[in-house]
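Residue strings, one per chain:
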Amino acid sequence: MKLLVTGGAGFIGSAVVRQAVSRGQSVVNVDALTYAACLNNVESVVTSPLYAFEHANIQDRRALDLIFARHDPDVVMHLAAESHVDRSIDGPDAFIRTNILGTFNLLEAARAYWVRKGKPEHFRFHHISTDEVFGSLPSDPAAKFTEDTPYDPRSPYSASKASSDHLVRAWHETYGLPVLITNCSNNYGPYHFPEKLIPVVILKALAGEPLPVYGDGSNIRDWLYVEDHADALLTVVKNGTAGRSYNIGGDNERTNLELVKTLCAILDVKQPKASGSYADQITFVADRPGHDARYAIDASRIGSELGWTPSVTIEQGLERTVQWFLDNEAWWRPLQLREGTGMRLGRTG
Ligand code: NAD
């Protein structure tokens with residue numbers, strides 16, 4: 001099976017690329033190399049004959065047509081996106097252009113290719129999406145996002161992802177394109193770009209800087225180790241039923257404050273400070289506008305239908321992640337110089 005992966009130089013896409021190649025699958029990685037990309041993420045596979053890279057923007061239809069013709073993929077796994085909620089508040093236009101118009105463009109290129117090939121049954125267009133399209137949950141622990149939860153996006157990011165999910169579903173209903181959609185909770189792990197909460201906390205802690213916690217830190221997120229997400233995506237693309245969507249999550253709800261304190265406790269053991277705890281650096285800052293209170297995923301469909309379960313607990317995953325950042329300063333240090341990285345963004349007026 002030959003995979004065309006968009007966004008394969010990003011955080012999750014690169015995990016998919018690395019895992020697919022290590023399982024003997026051919027991969028063509030299509031990426032525009034935005035500020036969030038890092039080709040070092042796929043360094044371990046660049047010399048493999050199974051790997052190819054195409055520097056292209058998904059908004060460029062002609063480039064996509066050439067890539068489909070050149071590589072003849074069996075499957076598209078679409079991860080390319082603008083992904084940072086705070087940046088979507090400051091500059092929503094890039095999110096509309098890539099996440100909505102880019103997905104439309106990719107759908108059309110994939111449909112033309114699929115028709116030209118005689119509509120092969122095994123073809124799949126897999127859209128990788130987020131649980132943020134479902135909005136915010138009440139604190140009742142029984143309330144979780146299922147695949148039937150109505151869409152209720154609140155941020156420009158989640159609205160753009162909801163729009164692209166709708167386009168993908170429409171291309172299945174209208175044109176018969178064999179699509180799959182997955183909606184996943186928050187990811188963390190190696191190669192996490194240093195603008196997202198977990199790497200920001202680890203790196204600011206090590207730098208002796210304040211650890212910013214939005215609002216009172218009570219917002220709840222459901223965390224999944226990125227390698228487990230990549231494994232789930234490769235499971236869905238192989239065995240999922242066309243036209244179906246699957247929620248992916250690790251059943252690991254934590255308040256942001258609990259999460260930050262856990263990271264501090266891990267660092268206290270691995271790299272103790274001269275005095276005190278890293279938790280002493282925690283600083284509460286103004287909340288994000290429209291900050292969703294709680295996300296939690298019901299992942300029973302992917303478990304019962306496709307047999308997927310996560311391989312690590314959040315404690316194991318966080319411990320591995322902290323160790324990875326301690327061991328890979330040469331990876332993260334240059335990325336901190338990229339525009340806006342590690343700064344407070346998305347406060348509106
Ligand atoms: P990321 O920001 O780390 O990487 C995105 C990649 O897409 C980058 O390599 C970037 O260069 C590329 N890209 C951006 N615009 C492009 C364009 N116009 N054309 C081609 N390439 C382009 O993102 P991520 O965190 O790895 O997320 C990947 C996907 O998974 C996204 O679709 C995101 O919505 C979804 N998702 C992310 C999470 C999460 O916790 N990070 C959770 C659920 C779903």
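Residues numbered from 1 in each chain as written. Predicted model: local features only at pLDDT ≥ 70, side-chain atom pairs only at ≥ 80, totals over all residues. Heavy atoms only, no water.

### A short note on the packing of helix α8 (residues 256-270) against helix α10 (residues 314-327)
Link 1 in the chain: One can describe the packing of α8 onto α10 by two numbers: an axis separation of 10 Å at closest approach and a directional angle of 55 degrees. The pairing of α8 with α10 is recorded here as oblique in orientation. Where α8 crosses over α10, the two elements pack in a sense that is right-handed. Where α8 abuts α10, its residues Leu259, Thr262, Leu263, Ile266, Leu267 and Lys270 lie against Ile314, Leu318, Glu319, Val322, Gln323 and Leu326.
Link 2 in the chain: Residues of the contact of α8 with α10, tallied by class, amount to eight nonpolar, two polar and two charged. (Axes fitted to C-alpha atoms, helices over the stretch in contact; angles between N-to-C directions. Helix = DSSP H or I, 4+ residues; strand = E, 2+ residues; numbered from the N terminus. Parallel < 35°, antiparallel > 145°, perpendicular 65-115°, else oblique. Left-handed = near helix turned anticlockwise from the far one by under 90°. Contact = heavy atoms within 4.5 Å. Nonpolar A, V, L, I, M, F, W, Y, C, P; charged D, E, K, R; others polar.)

### What to know about the sheet that holds strand β11 (residues 253-255)
Link 1 in the chain: What the three strands build is an open sheet, ordered β7-β9-β11; its pairing is mixed. The open sheet terminates on both sides in strands that have one partner only, identified here as β7 (186-188) and β11. Direction aside, the axes of adjacent strands within the sheet are offset by 50 degrees on average.
Link 2 in the chain: Bridging between β7 and strand β9 (residues 220-225) involves three bridges; their strand directions are parallel. Following the sheet pairing, Asn187 is matched in β9 by Leu224.
Link 3 in the chain: Contacting β9 and β11, α8 runs over the sheet at an angle of about 90 degrees to β11. (Pairing = 2+ DSSP bridges.)

### Points about helix α4 (residues 92-116)
Link 1 in the chain: Its 25 residues place the ends of α4 35 Å apart at the C-alpha level, agreeing with the 36 Å of an ideal helix rising 1.5 Å per residue.
Link 2 in the chain: Residue Gly102 marks the point of greatest curvature in α4, where the axis turns by about 30 degrees.
Link 3 in the chain: One or two steps after α4, the chain reaches Gly118, where phi turns positive at roughly 90 degrees. (Expected span 1.5 Å × (residues − 1). Bend = angle between axes of the 7 residues up to and from the residue.)

### Notes on the site of the ligand
Link 1 in the chain: In the region of the ligand, 29 residues are neighbours, and Ile12, Asp31, Ser83, Tyr157 and Lys161 sit closest.
Link 2 in the chain: The separation between an oxygen atom of the ligand and a polar main-chain atom of Leu79 is 3.0 Å.
Link 3 in the chain: Tyr157 is positioned such that a nitrogen or oxygen atom in its side chain is 2.6 Å from an oxygen atom of the ligand.
Link 4 in the chain: In isolation the ligand has 830 Å² of accessible area, and contact with the protein removes 96% of it.
Link 5 in the chain: At the level of secondary structure, the elements contributing two or more residues to the shell around the ligand comprise α1 (11-22), β5 (124-130), α5 (156-175) and β7.
Link 6 in the chain: For the shell around the ligand, the element with the highest residue contribution is β5, accounting for three residues.
Link 7 in the chain: In terms of residue class, the shell around the ligand is built from 15 nonpolar, 12 polar and two charged. (Near = heavy atom within 4 Å. Polar contact = N/O pair within 3.5 Å; in protein donor to acceptor, adjacent residues only side chain to side chain. Areas by Shrake-Rupley, 256 points an atom, 1.4 Å probe, with all protein chains shown as cover.)

### Considering the sheet that holds strand β3 (residues 51-55)
Working definition: the strands of a sheet are paired by backbone hydrogen bonds and lie parallel or antiparallel to each other.
Link 1 in the chain: One open sheet accounts for seven strands, arranged β3-β2-β1-β4-β5-β6-β10; its pairing is parallel. This sheet does not close on itself; its edge strands, each paired only once, are β3 and β10 (245-248). Strand-to-strand twist across the sheet, computed as the mean angle between neighbouring axes with direction ignored, equals 20 degrees.
Link 2 in the chain: With five bridges joining them, strand β1 (residues 2-6) and strand β2 (residues 26-31) adopt parallel strand pairing. Looking at the pairing, Thr6 lines up with Val30 of β2.
Link 3 in the chain: Packing against the sheet, α1 makes contact with β1, β2, β3 and β4 (75-78), and its axis sits at approximately 165 degrees to β1.
Link 4 in the chain: Sheet contacts for helix α7 (residues 226-239): β1, β4, β5, β6 (179-184) and β10; angle to β5, the most-contacted strand, approximately 145 degrees.

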